[in-house]
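What follows is each chain in one-letter form.
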Amino acid sequence: MSFQAYLDSIEAKTGLTPRQLVDLAHERGFDTSTRATPIIEWLREDYGIGRGHAMALVHVITKGPGISAKHVGSTGTHRDRTDTLWLDGAATRPQ
């Protein structure tokens, strides 16, 4: 599953875009200095998001939408189209 696919799955489950969840996380005080565990617990308790999917959001909350280019353009299961994740919802993502 690609990094973007994790975010799309979270959006489908919660009805919230990744950007909305990042904004909610920042309202709770989560930022670049926050460790993963409190974010994972919040996402599990409030939205029923499992650990693997939560870790994708932890990255975005603490490091922003940029990801390693390692899988960009690859043919593996973790391939992504770009090294920048789209946070504004699957329906508005440029193709």
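Scroll up for the structure.
So, here is what we can say about the structure in this document.

Reading guide: rules and limits
Residues numbered from 1 in each chain as written. Predicted model: local features only at pLDDT ≥ 70, side-chain atom pairs only at ≥ 80, totals over all residues. Heavy atoms only, no water. Salt bridge = Lys/Arg side-chain N within 4 Å of Asp/Glu carboxyl O. Helix = DSSP H or I, 4+ residues; strand = E, 2+ residues; numbered from the N terminus. Core = buried A, V, L, I, M, F, W, Y, C linked by side-chain atoms within 4.5 Å. Buried < 20%, exposed > 50% of the residue type's maximum accessible area, 1.4 Å probe, protein only. Contact = heavy atoms within 4.5 Å. Axes fitted to C-alpha atoms, helices over the stretch in contact; angles between N-to-C directions. Parallel < 35°, antiparallel > 145°, perpendicular 65-115°, else oblique. Nonpolar A, V, L, I, M, F, W, Y, C, P; charged D, E, K, R; others polar. Expected span 1.5 Å × (residues − 1).

## Focus: the pattern of salt bridges
Part 1 of the reasoning: Taken as a whole, this structure holds four salt bridges when the rule is applied.
Part 2 of the reasoning: Asp88 is the partner of Arg19 in a salt bridge, and the nearest nitrogen-oxygen pair spans 2.4 Å. Taken as a pair, Arg19 in helix α2 (residues 18-27) and Asp88 in the segment after α4 (51-63) lie far apart in primary sequence, 69 residues in all.
Part 3 of the reasoning: The closest approach of N and O atoms between Arg28 and Asp46, which form a salt bridge, is 3.9 Å. Residue Arg28 is found in the loop between α2 and α3 (36-47), and its partner Asp46 is found in helix α3; the two are separated by 18 residues along the sequence.

## Topic: the nonpolar core
Part 1 of the reasoning: Judged by nonpolar contacts, the single largest core of 21 residues is most densely connected at Leu7, Ile39, Trp42, Leu43, Leu57 and Ile61.
Part 2 of the reasoning: Elements that contribute at least two residues to this core include exactly α1 (3-14), α2, α3 and α4.
Part 3 of the reasoning: In terms of residue count, α4 provides more of this core than any other element does, six residues in total.
Part 4 of the reasoning: Excluding residues that lie within four positions of it along the chain, Trp42 makes contacts with Leu21, Leu24, Ala25, Arg28, Phe30, Tyr47 and Ile61.

## Quick word on the environment of Arg35
Part 1 of the reasoning: By secondary structure assignment, the location of Arg35 is in the loop between α2 and α3.
Part 2 of the reasoning: Sequence separation between Arg35 and Ser2 is 33 residues; the distance between their C-alpha atoms is 23 Å.

## Digging into the packing of α1 against α4
Part 1 of the reasoning: Contact geometry of α1 with α4 gives a least axis separation of 9 Å together with a crossing angle of 105°. Judged on the interaxial angle alone, α4 and α1 are roughly perpendicular. Each of Phe3, Tyr6, Leu7, Ser9 and Ile10 in α1 lies in contact with α4, whose residues at this interface are Gly52, His53, Ala56, Leu57, His59 and Val60.
Part 2 of the reasoning: Classifying every residue of the contact of α1 with α4 gives seven nonpolar, four polar and no charged.

## Considering α4
Part 1 of the reasoning: When the terminal C-alpha atoms of α4 are compared, their 17 Å separation across 13 residues agrees well with the 18 Å that a helix rising 1.5 Å per residue should span.
Part 2 of the reasoning: Taken residue by residue, α4 has Ala54, Ala56, Leu57, Val58, His59, Val60, Ile61 and Thr62 as its buried positions.
Part 3 of the reasoning: Within two residues after α4, Gly64 carries a phi angle of roughly 90°, on the positive side.

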